[in-house]
Amino acid sequence: MPKAYVYTRFGGPEGEAFIDLPKPAPGPGELLVAVRAAGVNPVDWKLRTGYTRPGSTPKPLPTVFGSEASGVVEEVGEGVRGFAVGDAVFGNPVTGGYAEYTLLPAAITAHKPDAVSFTDAAALPVAAATAYDGIRQLDLPAGATLVITGAGGGVGVAATQIAVAAGIRVVGSASAGKKDFVQSLGAVHIPPGPGLQERVRAAAPDGVDAVFDLVGGADLETVAALVRDRTKLISAADKARVVTLGGAAVVRLRTAAVLEEVAELVVAGTLRPYVTRTFPLAEAARALRAVEEGHALGKIVIEVGA
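Reference entry: report on the structure contained in this document. (Residues numbered from 1 in each chain as written. Predicted model: local features only at pLDDT ≥ 70, side-chain atom pairs only at ≥ 80, totals over all residues. Heavy atoms only, no water.)

### Considering the sheet that holds strand 2 (residues 16-20)
To summarise the sheet geometry, strands pair through backbone hydrogen bonds and adopt either a parallel or an antiparallel arrangement. Across the sheet, three strands lie side by side as 2-1-4; this open sheet has antiparallel pairing. This sheet does not close on itself; its edge strands, each paired only once, are strand 2 and strand 4 (63-64). Along the sheet, helix 10 (residues 284-292) contacts strand 1 (3-7) and strand 2; its crossing angle with strand 2, the most-contacted strand, is approximately 145°. (Pairing = 2+ DSSP bridges. Helix = DSSP H or I, 4+ residues; strand = E, 2+ residues; numbered from the N terminus. Contact = heavy atoms within 4.5 Å. Axes fitted to C-alpha atoms, helices over the stretch in contact; angles between N-to-C directions.)

### Structural notes on the environment of alanine 99
Looking at the secondary structure, you find alanine 99 in the loop between strand 6 (88-91) and strand 7 (101-105). Taking relative accessible area as the criterion, alanine 99 reaches 3% and is therefore assigned buried. Alanine 99 sits 185 residues away from alanine 284 along the chain, and the two C-alpha atoms are 9.7 Å apart. In contact with alanine 99, other than residues within four places in its own chain, are Lys3, Ala4, Val35, Val64, Leu281 and Val304. (Buried < 20%, exposed > 50% of the residue type's maximum accessible area, 1.4 Å probe, protein only.)

### Regarding the side chain of asparagine 41
Residue position: asparagine 41 is located in the loop between strand 3 (30-40) and helix 1 (42-48). Of the polar contacts made by the side chain of asparagine 41, one reaches the side chain of lysine 299; its length is 2.8 Å. Residue contacts for asparagine 41: discarding those within four places in its chain leaves Glu68, Tyr98, Val126, Ala127, Val291 and Lys299. (Polar contact = N/O pair within 3.5 Å; in protein donor to acceptor, adjacent residues only side chain to side chain.)

### Topic: unusual backbone geometry
For the bond from leucine 61 to proline 62, the omega torsion is -5°, close enough to zero to count as cis. Tracing the sequence through the fold places proline 62 in the loop between helix 1 and strand 4. The phi dihedral of arginine 254 falls on the positive side, at around 50°, and the residue is not glycine. Arginine 254 gets classed as partly exposed once you look at its relative accessible area, which sits at 43%. If you check the backbone angles, tyrosine 274 has positive phi at about 50° while not being a glycine. The exposure class of tyrosine 274 is buried, given its relative accessible area of 16%.

### Some words on the packing of aromatic side chains
As enumerated under the stated definition, the model contains six aromatic pairs in all. Centroid distance phenylalanine 181 to tyrosine 274: 5.0 Å. Interplanar angle 80°. Geometry classified as edge-to-face. Placement of phenylalanine 181 in helix 5 (residues 179-184) and of tyrosine 274 in the loop between helix 9 (256-268) and strand 15 (275-280) is noted, with a sequence separation of 93 residues between them. Residues phenylalanine 181 and tyrosine 274 agree in their burial class; the two are buried. Aromatic rings pair up to connect Tyr5, Tyr7, Phe10, Phe18, Phe65 and Tyr98 into one cluster. Across the ring face of tyrosine 101, the terminal group of lysine 23 is positioned such that the distance to the ring centre comes to 4.5 Å. Taking the ring centre of phenylalanine 118 as reference, the NZ or CZ of lysine 112 above it sits at 4.6 Å. (Phe/Tyr/Trp six-rings, centres within 6.5 Å; stacked < 30°, edge-to-face > 60°. Lys NZ or Arg CZ within 6 Å of the ring centre and 35° of its normal.)

### Comments concerning the sheet that holds strand 12 (residues 210-213)
Strands sit in the order 11-10-9-12-13-14 across an open sheet of six strands; the sheet is parallel. The sheet is open, and its two borders are formed by strand 11 (188-190) and strand 14 (248-249), each paired with just one other strand. Where strand 12 lies against strand 13 (residues 233-235), three bridges are found, and the strand directions are parallel. Note on strand 13: the bridge partner recorded for aspartate 213 is serine 235. Set on the sheet, helix 4 (residues 154-165) makes contact with strand 9 (145-149), strand 10 (169-173) and strand 12; between it and strand 9 the angle comes to about 170°.

### Side note on helix 9
Between its first and last C-alpha atoms helix 9 spans 18 Å; for 13 residues at 1.5 Å apiece the expected length is 18 Å, and the two agree. Within helix 9 the residues assigned to the buried category are Ala256, Val258, Leu259, Val262, Ala263 and Val266. Angular distribution of buried residues about the axis of helix 9 spans 160°; they occupy a single face of the element. Along its buried surface, helix 9 packs onto strand 6, strand 8 (109-111) and helix 3 (124-138). Of the residues flanking the end of helix 9, it is glycine 269, one or two places downstream, whose phi is positive at about 85°. (Expected span 1.5 Å × (residues − 1). Arc of directions from axis to C-beta.)

Now the structure itself:
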């Protein structure tokens, strides 16, 4: 029986387990995919605690972890066009990515370019696509100054690269241990926490044109005060708070076209996924702890293998 890493109840890591699951059968509009890699994201452990995305309901338990995956099509569901058995693909799984097999909705699944590895492709559907959607939503001209909070995490690393490539000046907040990394992306690094506003002002004496928040809380409130045009204040981390501040949540388009465009940025060398650690499926718990503890640099990916 195929293996999958799941949570069997809501709460802490004690509810996690490996179980045997039947190979899922694709319904209309779905692809059965043999997973090669699965990205690890903060939302994975948050869902385990009982968090639900706006407009959604908790999935039945046990629930397989994982919101992004890459792999090879094994079966094509009814009504699917443009995909065939053997195609290399990536996208957001319906049945979780920390598994040997999963289902992907064909409408929001993209073909993996040959030049992009399965490991890198698995890092794109959540973090890189969120970054891409956010930078496009801000629609800043070259020369603008953008503050990115959480610039050293998965979304922040991608957003920084996309913005810098567009000629935008990025001031990125991240922990001191990520300073060299953030600077290597072309951003001006500043540490988060108390005194953040003063550090932003010092790094951007001519003012701030926009904020892309990936942290939320007090840091979001602090940097929000520096943006005059609140249409240029967005958050992927604290959607309720950013609205009260006059800004908006990042609008996720969730289309195959966005995934294709993000993958082309990787092929062109504009975007590097920065997968800094990989784990085999058997060590899924370690991979998830690395993200849950909040110290991950770049992206962590679980490699399931052929």
